[in-house]
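Understanding the architecture of this molecule
Take a look at the letters that make up each chain.
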Amino acid sequence: MCLGIPGQIVRLTDEDRQMALADVSGVQREVSLAPVADRPLADLVGEWVLIHVGFAMALIDEKEAEETLEALRGLGEAQETLEQMAESAKSLEVTQ
Amino acid sequence: MRYVEEFRDPKAARGVLAEIARVADEIGATRDAPVRIMEICGGHTHAIFRYGLDKLVHEGIEFIHGPGCPVCVLPMARVDECVEIAEDPRVIFTTFGDAMRVPGTRKSLLQAKADGADIRMVYSPLDALELARRNPEREVVFFGLGFETTTPSTALTIQAAAREGIPNFSVFCNHITVPPPIKALLDDPHMLLDGFVGPGHVSMVIGTHPYDFISEDYGKPLVVAGFEPLDLLQSVLMVLEQIRDGRAEIENQYGRVVPEHGNPVSLASIRDVYEARPTFEWRGLGEIDASGLRIRPSYAAYDAEEKFGVGYAAPRRVVAEPEGCACGAVMTGRMKPTQCAQFGCGCTPDMPLGALMVSSEGACAAYWTYGGARVLEAAE
């Protein structure tokens, strides 16, 4: 019910009604830009937004997304390194 | 898909799971003495089961499924009123698909549609408004359902209808808000929770400050979370780290979508169109003060309660839960779905008895869809 889906604004369709065409995974649909229309509408073309029941509810902050991913990848790499260390330790035991 | 696939990376997930296990061990969480974390949002419940996160995390972590599925907490009387409005031959009744199969006392909206009522599933309230434009001789009613995520969409649609002067459009408002039921749960002496995973898209609208009371007054941590598996795992880790460090703060894991102060346009539209009801009835939880919204008198022309004399505009009706249905106990965490005598026999997604089996975000439907067979085998 509260699910949203990322989409990219393709072009404005009706500036008076703050409507635009959005591309969601290759499917295009008209959405309302009203929630994010506290800036010039033309600036929104090309932006990634979170779409919920036909409304662009939020701009997706690319920098924040990257930072979250960096932290997550960091944990993944750390774990991989630890696993490799454990793996090597085991193989060393076998040769001894 | 961008901003989705990256947050499903298995390598990163293994790293976060290992870190969760380390911190859970530091806290001393075990299967018998688990850390209890409530995911408030039904979308999170669905994701936890879909990706099997409950099975992947350290055994000392127990997920308690919160009341954040608007379809599940809808009293049967509201469904009955939807059916009554929809059976009026002047009416085109429009709704999100989620609400179609919720059982009413007499029938669901799906059964009413099969019996000839003009009921249409729409993706957006804007589509309902478009139906009103194209059918000026009919009354188009939209079933306004959902938490703060969805509330701006109906508020903005009502504002658009008022601007254009479309007289044959109205909303049957059953919008509800997240903070009051959390407070009700925290005040319940039977509820033992150690922390919360907060709803991402509700917070996108309201920001993170409406949760301050949870840390300040109740000393519990809450981390606002996104909906991909990595988002949820990272949020669980952040809750655990707070518990380990003796902190209780409101943190935001979902910064790419959730601004600290929410969405100003959406909040302004909600304030313009809606006001809090003194009290609102939740299925399984009962009456909760100031937990529901109604349309302000200035927009009465778009209020289906006023137009059709239903809901809180009519004398209150009390409808008992169906015989044997334990949705209320499951929703408050007093019972697991599989402990309900009806689970999997009297109540399945195809023939639901209770609302928790209807919505894909309901705890019972999630158990059934992603673990039903496994659970039943284990019970035999």
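Since the structure is predicted, the reported quantities are computational estimates derived from the model, not experimental observations. (Residues numbered from 1 in each chain as written. Chains lettered and ligands numbered in written order. Predicted model: local features only at pLDDT ≥ 70, side-chain atom pairs only at ≥ 80, totals over all residues.)

Some thoughts on the overall build of chain B
- A tally of regular secondary structure across chain B gives 15 helices and 13 strands.
- Its C-alpha atoms give chain B a radius of gyration of 21 Å, within 12% of the compact-globule value 21 Å for 380 residues.
- Taken along its principal axes, the extent of the C-alpha atoms in chain B is 65 × 50 × 40 Å.
- Taking all 380 residues of chain B together, the buried fraction comes to 54%. (Helix = DSSP H or I, 4+ residues; strand = E, 2+ residues; numbered from the N terminus. Rg over C-alpha atoms; globule rule 2.2 N^0.38 Å. Buried ≥ 20, exposed ≤ 12 C-beta atoms within 10 Å, placed from the backbone.)

Overview of the overall build of chain A
- For chain A, the count of helices and strands is 1 helix and 5 strands.
- Reading chain A from its N terminus to its C terminus gives the helix and strand order β-β-β-β-β-α.
- Relative to its length of 96 residues, chain A is extended, with a C-alpha radius of gyration of 22 Å against a globular reference of 12 Å.
- Sorting the 96 residues of chain A into buried and exposed places 33% on the buried side.
- Sequence-distant contacts, at least 24 apart, represent 33% of the contacts inside chain A between residues at least 6 apart. (Contact = placed C-beta atoms within 7 Å.)

Looking at the nonpolar core
- Counting 145 residues, the largest nonpolar core has Val16(B), Ile20(B), Ile37(B), Ala86(B), Leu233(B), Val236(B) and Leu356(B) as its most contacted members.
- Apart from residues lying up to four places away in sequence, Ile20(B) is in contact with Val57(B), His58(B), Leu233(B), Val236(B), Leu237(B) and Leu240(B). (Core = buried A, V, L, I, M, F, W, Y, C linked by C-beta atoms within 7 Å.)

Side note on the pairing of strand β6 (residues 169-175) of chain B
Residue and element names in this part refer to chain B.
- Counting buried positions along β6 yields 7 of 7 residues, so the element is predominantly enclosed.
- Residues Phe-169, Val-171, Cys-173 and His-175 of β6 are buried on one face, and the alternating residues Ser-170, Phe-172 and Asn-174, pointing to the opposite face, are buried as well.
- Remark: the strand β5 (residues 139-146)/helix α7 (residues 151-164)/β6 crossover connection has right-handed handedness. (Right-handed = clockwise from strand over helix to strand, strands pointing away.)

A closer look at the sheet that holds strand β4 (residues 119-121) of chain B
Residues and elements named next belong to chain B.
- The strand order β4-β3-β5-β6 describes an open sheet built from 4 strands, whose pairing is parallel. Every interior strand has two partners, whereas the edge strands, β4 and β6, have only one. Along the sheet, successive strands turn relative to each other by an average axial angle of 25°, direction set aside.
- Pairing analysis gives 4 bridges linking strand β3 (residues 91-95) to β5, with the strands arranged parallel. Residue pairing across strands places Phe-93 opposite Val-141, the latter belonging to β5.
- In the packing of helix α6 (residues 125-134) onto the sheet, the strands contacted are β3, β5 and β6, and the crossing angle to β5 comes to about 170°.
- Contacts from α7 reach β5 and β6, with the element oriented near 155° to β6. (Pairing = 2+ DSSP bridges. Axes fitted to C-alpha atoms, helices over the stretch in contact; angles between N-to-C directions.)

So, the sheet that holds strand β8 (residues 222-224) of chain B
All names here are of chain B.
- With respect to topology, 5 strands assemble into an open sheet ordered β2-β1-β7-β8-β9, the strand pairing being parallel. For this open sheet the edge positions go to β2 (61-68) and β9 (250-252), each flanked by a neighbour on one side alone. Across the sheet, the mean angle separating the axes of adjacent strands is 25° when strand polarity is ignored.
- Relative to β2, strand β1 (residues 35-41) runs parallel, the two being bridged by 6 bridges.

A word on the confidence of the model for chain A
- The predicted model of chain A has a mean per-residue pLDDT of 88, with 97% of residues at 70 or higher.
- Across chain A, element-level confidence peaks in strand β5 (residues 55-59) of chain A with a mean pLDDT of 97 and bottoms out in helix α1 (residues 62-95) of chain A with 80. (pLDDT = per-residue confidence, 0-100.)

A closer look at α6(B)
- Among all positions in α6(B), only Pro125(B), Leu126(B), Ala128(B), Leu129(B) and Ala132(B) are buried. Considered in projection along α6(B), the buried side chains sweep an arc of 155° and stay on one side of the axis.
- Where α6(B) is buried, its residues meet β3 (27-32) of chain A together with β3, β5, α7 and β6 of chain B. (Arc of directions from axis to C-beta.)

Describing the pairing of β1(B)
Residues and elements named next belong to chain B.
- Counting buried positions over the 7 residues of β1 gives 6, a clear majority of the element.
- Sheet topology places β1 next to strand β7 (residues 195-198); 3 bridges connect them, and they run parallel. Bridged to Glu-39 within β7 is Val-197.

What to know about the interface of chain A and chain B
- Listed as interface residues are 33 residues of chain A and, on the opposing side, 46 residues of chain B.
- Elements supplying a minimum of two residues to the side of chain A that touches chain B: β4 (48-52), β5 and α1 of chain A.
- Counting residues per element, the side of chain A that touches chain B draws most heavily on α1(A), at 12 residues.
- Its residues assigned to classes, the side of chain A that touches chain B comprises 19 nonpolar, 8 polar and 6 charged. (Nonpolar A, V, L, I, M, F, W, Y, C, P; charged D, E, K, R; others polar.)

Describing helix α4 (residues 76-87) of chain B
All names here are of chain B.
- Between the first and last C-alpha of α4 there are 17 Å, a value that for 12 residues agrees with the 16 Å anticipated at 1.5 Å per step.
- Residues of α4 that are buried include every one of Met-76, Arg-78, Val-79, Glu-81, Cys-82, Val-83, Ile-85 and Ala-86, and no others.
- In this fold, the buried residues of α4 make contact with β3, α5 (109-114), β4, β5, β6 and α13 (304-308). (Expected span 1.5 Å × (residues − 1).)

So, the environment of Leu293(B)
All names here are of chain B.
- Tracing the chain through its elements places Leu-293 in strand β13 (residues 293-295).
- In this structure Leu-293 comes out as buried when scored by C-beta crowding, with 23 C-beta atoms within 10 Å.
- Each C-alpha atom of the pair Leu-293 and Pro-278 lies 8.9 Å from the other, and the pair is 15 residues apart in sequence.
- If we ignore the near neighbours within four places in the chain, the residues touching Leu-293 are Thr-151, Cys-173, His-175, Thr-177, Tyr-274, Glu-275, Ala-276 and Arg-277.

Focus: the environment of Ser25(A)
Residue and element names in this part refer to chain A.
- On the secondary structure map, Ser-25 appears in the loop between β2 (19-24) and β3.
- Given 11 C-beta atoms within 10 Å, Ser-25 falls into the exposed group.
- Once the C-alpha coordinates of Ser-25 and Lys-90 are considered, the two residues, 65 residues apart in sequence, prove to be 45 Å apart.

Focus: the packing of α7(B) against helix α12 (residues 264-273) of chain B
Residue and element names in this part refer to chain B.
- Contact geometry of α7 with α12 gives a least axis separation of 8 Å together with a crossing angle of 65°. As for how α7 packs across α12, the hand of that crossing is left-handed. For the pair formed by α7 and α12, the contact residues are Thr-151, Pro-152, Ala-155, Leu-156, Ile-158 and Gln-159 on the first element and Ser-266, Ser-269, Ile-270, Asp-272 and Val-273 on the second.
- When the residues that make up the contact of α7 with α12 are grouped by side-chain class, the tally is 6 nonpolar, 4 polar and 1 charged. (Left-handed = near helix turned anticlockwise from the far one by under 90°.)

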